[in-house]
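# Report on the structure
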Amino acid sequence: MKKIILALLLATASLYALEVQNTTIKFTAFKTYAKKGVSGVFDKIKVNTNKADTVVALLKNATAEIETSSVNSGNKGRDAKLVTQFFNVQNVKKIEAKIIDVQKDTLVLQLSMNSKTLNIPMSYTVSDNRVNAKGTIDLADFMMLKSLKSINKACYTLHKGKTWQDVKIYFTMQYK
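Residues numbered from 1 in each chain as written. Predicted model: local features only at pLDDT ≥ 70, side-chain atom pairs only at ≥ 80, totals over all residues. Heavy atoms only, no water.

## Notes on the pattern of salt bridges
Let me state the cut-off plainly: Within this document, salt bridges are pairs made up of a side-chain nitrogen of Lys or Arg and a carboxyl oxygen of Asp or Glu, the two lying within 4 Å of each other. Counting from the N terminus, the helices are DSSP H or I runs at least four residues long and the strands are E runs at least two residues long. Here's how the labels work: a residue is buried when its accessible area is under 20% of the maximum for its type, exposed when over 50%, partly exposed in between, all with a 1.4 Å probe on protein chains only.
This model, assessed by the stated rule, comprises 3 salt bridges. For Asp166, the salt bridge is made with Lys35, and the minimal N-O distance between the two is 2.9 Å. One end of the pair, Asp166, is in strand β10 (residues 166–175); the other, Lys35, is in the loop between β1 (20–31) and β2 (36–42), with 131 residues separating them in the sequence. On the basis of relative accessible area, Lys35 is assigned to the partly exposed category, the value being 32%. Salt-bridge contacts for Glu96 lead to Lys94; the nearest nitrogen and oxygen are separated by 3.1 Å. By relative accessible area, which is 33% here, Glu96 ends up partly exposed. A residue is classified by how much of its surface remains accessible, and Lys94, at 41% relative accessible area, is partly exposed. Several salt bridges share partner residues, and in doing so they unite Glu65, Lys94 and Glu96 into one network.

In structure tokens, the structure reads:
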């Protein structure tokens, strides 16, 4: 009888031990007056979560530290400019994020960049053991207009004189 109870407890415990397997952090910035999107990811991120019995509990208090030098837009020349002409202009070496609240379809991401911390609402969905979240930041809110002006100048011809200050942000968190 003790063996049966122990087996049931172990089986039940394994059902409630969700853990993150993989996380991707993506962005889409915009250029030209036609607002053409340019997307990328960060290759070096450190994510911390606790095992949890629900997706909401898994998300709550999850943290991420992003190395800005690991930006990857699929274009090495663009990536070098993003590092030197955007992030390094204001000495932004990392971006920190923490999920501080999770509701039915919305979470709040506490985002820190350039010594500024703001709460960013993000919508999210859950399907196939994956959380997909999206939101928008305004670079002015993070005091990043000096960097924006620098990247616009460096890419003036490519951007046709316009680099937008709003940036779409996304993350995908695979769990099992």
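Still to come is the rest of the account.
## Details of the pairing of strand β7 (residues 106–113)
On a regular strand, one side chain projects to one face of the sheet and the next to the other, so that they alternate. Put simply, the test is: Only strands joined by at least two bridges in the DSSP assignment are considered to pair.
Relative to β7, strand β6 (residues 94–102) is paired through 6 bridges, and the arrangement is antiparallel. Considered in β7, the bridge of Glu96 is made with Ser112. Pairing geometry for β7 and strand β8 (residues 116–127), over 8 bridges, is antiparallel. Bridge assignment links Ser112 to a residue of β8, and that residue is Thr117.

## Remarks on the sheet that holds strand β5 (residues 71–72)
Read from one edge of the open sheet, 10 strands run β3-β4-β6-β7-β8-β9-β10-β1-β2-β5, paired in antiparallel fashion. Two strands lie at the open edges of the sheet, namely β3 (45–48) and β5, each paired on one side alone. In the sheet, β1 pairs with β2 via 6 bridges, with the strands oriented antiparallel. Residue Ala29 lies in a different strand from β2, and its bridge partner there is Val38.

## Focus on the packing of aromatic side chains
Keep this limit in mind: Pairing of aromatic rings covers Phe, Tyr and the six-membered ring of Trp, with a centre-to-centre limit of 6.5 Å; geometry is then stacked below 30 degrees between planes, edge-to-face above 60, and tilted otherwise. In this scheme, Lys NZ or Arg CZ marks a charge over a ring once it lies within 6 Å of the ring centre and within 35 degrees of the ring normal.
This model, assessed by the stated rule, comprises 3 aromatic pairs. Among the aromatic residues, those joined into a ring-pair cluster are Phe27, Phe42, Phe86 and Phe87. Between Lys26 and the ring centre of Tyr170, over which it is positioned, the NZ or CZ distance is 5.6 Å. Across from the ring centre of Trp164, 4.5 Å away, lies the NZ or CZ of Lys162, which sits over that ring.

## What about the nonpolar core?
Note the threshold: The nonpolar core is taken to be a set of buried Ala, Val, Leu, Ile, Met, Phe, Trp, Tyr and Cys residues, with the residues joined through side-chain atoms within 4.5 Å. Any two residues whose heavy atoms approach within 4.5 Å at even a single point are treated as in contact.
Formed by 43 residues in total, the largest nonpolar core has its most connected members in Leu59, Leu107, Ile137 and Phe171. No other element matches β10, which puts 5 residues into this core. Those residues within four positions of Leu59 in sequence are excluded, and the remaining contacts are Ile99, Val102, Leu107, Tyr124, Val131, Phe171 and Met173.

## Side note on the packing of helix α3 (residues 76–87) against helix α4 (residues 145–154)
To keep things clear, this is the line we draw: Axis definition: a line fitted to C-alpha atoms, limited for helices to the stretch in contact. Angles are taken between N-to-C directions and run from 0 to 180 degrees. Here the word oblique covers every angle except those under 35 degrees (roughly parallel), over 145 (roughly antiparallel) and from 65 to 115 (roughly perpendicular). Here the nonpolar group is Ala, Val, Leu, Ile, Met, Phe, Trp, Tyr, Cys and Pro; Asp, Glu, Lys and Arg are the charged ones; every other residue, Gly included, is treated as polar.
Two numbers describe how α3 lies on α4: the axes approach to 8 Å, and their chain directions differ by 135°. Judged by the inter-axis angle, α3 sits oblique to α4. From α3, Lys81, Leu82, Gln85 and Phe86 reach across to α4, where they touch Ser147, Leu148, Ser150, Ile151 and Ala154. Here the residues of the contact of α3 with α4 are counted per class, giving 5 nonpolar, 3 polar and 1 charged.

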